[in-house]
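Survey of secondary and tertiary structure
Letter by letter, the chains look like this.
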Amino acid sequence: MTTTETPDTLRRILDYSSRADPYPLYAELRKTPVAQQEDGSYVISTYRELADILHNPHLSSDSRNLSHPTAGAEEQTTPAFINLDPPEHDRLRRLAMRHFGPPHTPGLVTGMEGALTAAVSSLIDDFAGKEQIDIVDDFAYPFPVTVICHLLGVPREDEPRFHLWVNDLINSIDYNPKTDPKEKLDKGVQARKDLHQYLGGLLDQRHGRPGDDLLSRLANDDGPDGRMTDEEIVATANLLLIAGHETTVNLITNGMLTLLRHPQVLQRLCGEPDLVVPLVEELLRYEPPVHIIPWRAAYSDITVAGTVIPKGSRIMLMLASGSRDPNRFHDPDRFDPDRRDNQHLGFGSGIHLCFGGPLARRETQIALSELVRRLDRPRLVADPPPYRRSPVLRGPIHLHIEQGDG
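Residues numbered from 1 in each chain as written. Predicted model: local features only at pLDDT ≥ 70, side-chain atom pairs only at ≥ 80, totals over all residues. Heavy atoms only, no water.

Section: the pairing of strand β5 (residues 293-298)
In terms of burial, β5 is a largely internal element, six of the six residues being buried. Relative to β5, strand β3 (residues 59-60) runs antiparallel, the two being bridged by two bridges. What sits directly across from L59, in β5, is A298. Of the strand pairs in this sheet, β5 and strand β8 (residues 314-317) are connected by three bridges, and their pairing is antiparallel. In the sheet register, I293 faces β8, and the bridge partner there is L317. (Buried < 20%, exposed > 50% of the residue type's maximum accessible area, 1.4 Å probe, protein only. Helix = DSSP H or I, 4+ residues; strand = E, 2+ residues; numbered from the N terminus. Pairing = 2+ DSSP bridges.)

Dropping the structure here:
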């Protein structure tokens, strides 16, 4: 099933010049649902095959099951649960979920709605007098960062420090030793160490001092599964700090960009506030914050669409391609907030379904509703806007808009 065109298609997708619109390339990629690459890895790009393999127990998230581990994996001595398999994954996820959502903390997200709305309103208030607004820097970044810092118990004033570390970590996710300078990987490794040390220091302050923040709860919790070790708590906090804002920044920004490109939908949202719920689901399908899972491992030989993927092989999952698969979604390249049966892959699927999905959904619903309600005839300054470097966590690095008479 390998074709000479597919490796070239993947290279073009990963190349920055395709960042603004990778979707035509995803269509090319889907012609070969499972494609072996020149380095022996496999790319899966169609909805059915992605959905099946995400529920396949022979798919591993543990880099130790790769025949050739990803660069930098050896530096991460205690992986977060997203990079582990059952039963260890299940234990750590249960321990974290006790304090993050149902069944033990069912009212976490709904209980935050007032604070979320107040934070959004305050940021929009600050738009007053500005001729031009950057939806990223002025809104989509500070909002979820404030939320996740509050939840974890990370001082908001430390944001400039961990912002640099997170950027270096994100930039190193898709490191390719054949094309990228080693400095890119080294920065990511050092950032992981610095963030680990920082969160470890915060955790030391929480032992024996129960509080409402997640770090305090994890440090002092003795549930039915026991207590996380300090290393496990730091790895979990690291994951939640990064995933708790990076993906939401993209989701909000992609959402506002999509609404400005579809002014008729923007107008509908003004008059139909309940539309925001299915709208965000369609956004997760149409312009998701996470496009690619850059690696998974074959725990044993796996057969996908007639192709045998050998044990230990690296597998790249093209989630955003699957969510635009015409064999699953009618007219998939059309943004349709009235779409039904919208089982997208925007938050993944299976046991690693996004841990913070309910919070990210509600943050985005509130953010887009308030922006549409309060902005005065917003319009894009540049289309397409400049994008982040990463093809994995894809979104504009800036989204400049004007409002009013201009």
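What to know about empty space enclosed by the protein
Per the stated rule, a full pass over the model turns up one cavity of 30 Å³ or more. Estimates place the volume of the largest cavity at around 40 Å³. What lines the largest cavity is simply I13, R19, P22, Y26, H291, I292, P391 and R394. Partitioned by chemical class, the residues of the lining of the largest cavity number five nonpolar, one polar and two charged. (1 Å grid on protein atoms, 1.4 Å probe; cavity = no way out; pocket = protein on both sides within 12 Å on 5 of 7 lines; lining within 4 Å. Points joined across faces, edges and corners; volume = space filled by probe spheres on them. Nonpolar A, V, L, I, M, F, W, Y, C, P; charged D, E, K, R; others polar.)

As for the nonpolar core
Counting 98 residues, the largest nonpolar core has F139, F162, L195, M256 and M318 as its most contacted members. With 15 residues, helix α12 (residues 230-261) is the largest single contributor of residues to this core. Aside from chain neighbours lying at most four places away, what touches M256 is I135, L266, L368, L371, L375, P378 and L399. Among the nonpolar cores identified, the runner-up in size contains 19 residues, and L50, L59, I302 and F329 belong to it. (Core = buried A, V, L, I, M, F, W, Y, C linked by side-chain atoms within 4.5 Å. Contact = heavy atoms within 4.5 Å.)

A closer look at the side chain of S321
Checked against the element boundaries, S321 lands in helix α15 (residues 319-322). Judged by its relative accessible area of 0%, S321 falls in the buried class. The residues touching S321, leaving out its near neighbours within four places in the chain, are Y26, R30 and S45.

Focus: the packing of helix α14 (residues 276-286) against helix α16 (residues 357-374)
Running from N to C, α14 and α16 point in directions that differ by 115°, and their axes come no closer than 10 Å. Judged by the angle between their axes, α14 and α16 are roughly perpendicular. Along this stretch, α14 crosses α16, giving a crossing that reads as right-handed. For the pair α14 and α16, contact is made by V276, V277, L279, V280, E281, L283 and L284 and by R361, T364, Q365, L368 and S369, respectively. Classifying every residue of the contact of α14 with α16 gives seven nonpolar, three polar and two charged. (Axes fitted to C-alpha atoms, helices over the stretch in contact; angles between N-to-C directions. Parallel < 35°, antiparallel > 145°, perpendicular 65-115°, else oblique. Left-handed = near helix turned anticlockwise from the far one by under 90°.)

Keep in mind that these numbers describe shape and distance, not what the molecule does.
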